[in-house]
Amino acid sequence: NSFPIGTTVCKTCGLALNNSSEQWKDYDFFGAKLKVRLKMTLDDGTVETINKGTYTVTVPEEYGEDVELTALDDMYKANKTYTTNLQFPQTAFFVLRDACQTCGISLGVTSMDHGDVQISAIPEGVTFRVVIGCIAMLESANARVDTDGYLQFIKWDFTNVEDADNAAVVNSDGFVAFSDDSSEDDYVVPVGNWVIDSDGYL
């Protein structure tokens, strides 16, 4: 029911096919692409079709009375260990573009407010998904693949943050900052229960 900033959302699709006559017994669905459409008949009799996206079957199917399929959207491609031929430092936007090209994810992000932030190095042993999430965090956003298959950033809206929270904003370097009347040498203690949890989220 909530997502921390920087979450990379991967949508799941579950599908059951009637297999009562074993009509699917010779089919292998692993790796199959499912283009999911929701059709609704309106009161006036017209049929409206809603695109729900494209999913890839990533779990071997289970056969029985029904064939059970589990599929994920293209964010699953980012679940592998990060590798690159880039020379660092690089800008955040260039790292994002390279990561998407390497994973085979279509990039729908055309510009970033903090895309020119310099990334000096990427830690070893992280996944492409972690890298994409960290770059989304610079934008106060979450990352997801839309129904057309493009990676998008969904930004959080801080415009209604009350003064009681010392007006939390994301500064030009991509850090959360609190504005009040104290000098920059003072520690800012925001009102409320602001903590860093065990996963490193504010």
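Note: the structure precedes this text.
Summarised in this report is the structure supplied together with it.

How each quantity is defined
Residues numbered from 1 in each chain as written. Predicted model: local features only at pLDDT ≥ 70, side-chain atom pairs only at ≥ 80, totals over all residues. Heavy atoms only, no water. Core = buried A, V, L, I, M, F, W, Y, C linked by side-chain atoms within 4.5 Å. Buried < 20%, exposed > 50% of the residue type's maximum accessible area, 1.4 Å probe, protein only. Helix = DSSP H or I, 4+ residues; strand = E, 2+ residues; numbered from the N terminus. Contact = heavy atoms within 4.5 Å. Pairing = 2+ DSSP bridges. Axes fitted to C-alpha atoms, helices over the stretch in contact; angles between N-to-C directions. Patch = residues over 30% accessible without salt bridge, like charges linked within 9 Å, V, L, I, M, F, W, Y side chains within 5 Å. Areas by Shrake-Rupley, 256 points an atom, 1.4 Å probe, with all protein chains shown as cover. Salt bridge = Lys/Arg side-chain N within 4 Å of Asp/Glu carboxyl O. Disulfide = S-S within 2.5 Å. Expected span 1.5 Å × (residues − 1). Phe/Tyr/Trp six-rings, centres within 6.5 Å; stacked < 30°, edge-to-face > 60°. 1 Å grid on protein atoms, 1.4 Å probe; cavity = no way out; pocket = protein on both sides within 12 Å on 5 of 7 lines; lining within 4 Å. Points joined across faces, edges and corners; volume = space filled by probe spheres on them. Nonpolar A, V, L, I, M, F, W, Y, C, P; charged D, E, K, R; others polar. Parallel < 35°, antiparallel > 145°, perpendicular 65-115°, else oblique. Left-handed = near helix turned anticlockwise from the far one by under 90°.

1. With respect to the nonpolar core
In terms of nonpolar packing, the biggest core is built from 31 residues, with Tyr82, Val95, Leu96, Met112, Ile135, Leu151 and Phe153 touching the most fellow members. Top element by residues in this core is helix α1 (residues 92–103). It accounts for seven residues. Ignoring any residue separated from it by four or fewer positions in sequence, one finds Leu96 in contact with Leu107, Val109, Met112, Ile132, Ile135, Leu151 and Phe153. Counting residues in each nonpolar core, the second largest holds five residues, with Cys13, Leu34, Tyr55 and Ala71 among its members.

2. Re the sheet that holds strand β3 (residues 33–41)
An order of β2-β5-β4-β3 is seen for the four strands of this open sheet, with the pairing classed as antiparallel. Because the sheet does not close on itself, it has two edges, and the strands there are β2 (12–18) and β3. Averaged over all neighbouring strand pairs, the angle between strand axes comes to 45°, with direction disregarded. Where strand β4 (residues 47–62) meets strand β5 (residues 66–72), four bridges bridge the pair, whose relative direction is antiparallel.

3. What about a nonpolar patch on the surface?
On the surface, a nonpolar cluster with roughly 300 Å² of combined accessible area is contributed by Leu38, Met40, Leu42 and Ile50. In this structure, Leu42 sits in the loop between β3 and β4.

4. Digging into the state of the cysteines
Counted according to the given criterion, the structure contains zero disulfides. Free cysteine Cys100: the closest other cysteine sulfur is in Cys103, separated by 7.0 Å.

5. Concerning the sheet that holds strand β10 (residues 150–155)
Reading across the sheet, the four strands line up as β1-β9-β10-β7 and stay open at both edges, with mixed pairing between neighbours. Each having just a single partner strand, β1 (8–9) and β7 (106–107) make up the two edges of the open sheet. Looking at chain direction, strand β9 (residues 141–145) and β10 are connected through five bridges and run antiparallel. Across the sheet, Val145 pairs through a bridge with Leu151, a residue of β10. Against the sheet, helix α2 (residues 128–138) contacts β1, β9 and β10, and its axis sits at roughly 135° relative to β9.

6. So, α1
For α1, built from 12 residues, the straight-helix expectation of 16 Å at 1.5 Å per residue is met to within 8% by its first-to-last C-alpha distance of 17 Å. Here the buried face of α1 lies against β6 (90–91), β7, β8 (118–119), α2 and β10. Where α1 terminates, the next one or two residues include Gly104, which has phi positive at roughly 80°.

7. Topic: the packing of aromatic side chains
Applying the stated rule across the entire model yields four aromatic pairs. Every member of this aromatic cluster is reached through a ring pair, and the members are Trp24, Tyr27 and Phe29.

8. Section: empty space enclosed by the protein
Summed over the entire model, instances satisfying the criterion amount to one cavity of 30 Å³ or more. The wall of the largest cavity is formed by Lys11, Lys52, Gly53, Thr54, Tyr55, Asp73, Asp74, Val145, Asp146, Thr147, Asp148 and Gly149. In terms of residue count, β4 provides more of the lining of the largest cavity than any other element does, four residues in total. Of the residues contributing to the lining of the largest cavity, the split by class is two nonpolar, four polar and six charged.

9. Some remarks on the packing of α1 against α2
One way to put it is that α1 packs onto α2 with a least axis distance of 10 Å and a crossing angle of 150°. When the axis of α1 is compared with that of α2, the two are roughly antiparallel. The handedness of the crossing between α1 and α2 comes out as left-handed. On α2, the residues that touch Ala92, Val95, Leu96, Ala99, Thr102 and Cys103 of α1 are Phe128, Val131, Ile132, Ile135 and Leu138. Class assignment of the residues belonging to the contact of α1 with α2 gives a composition of 10 nonpolar, one polar and no charged.

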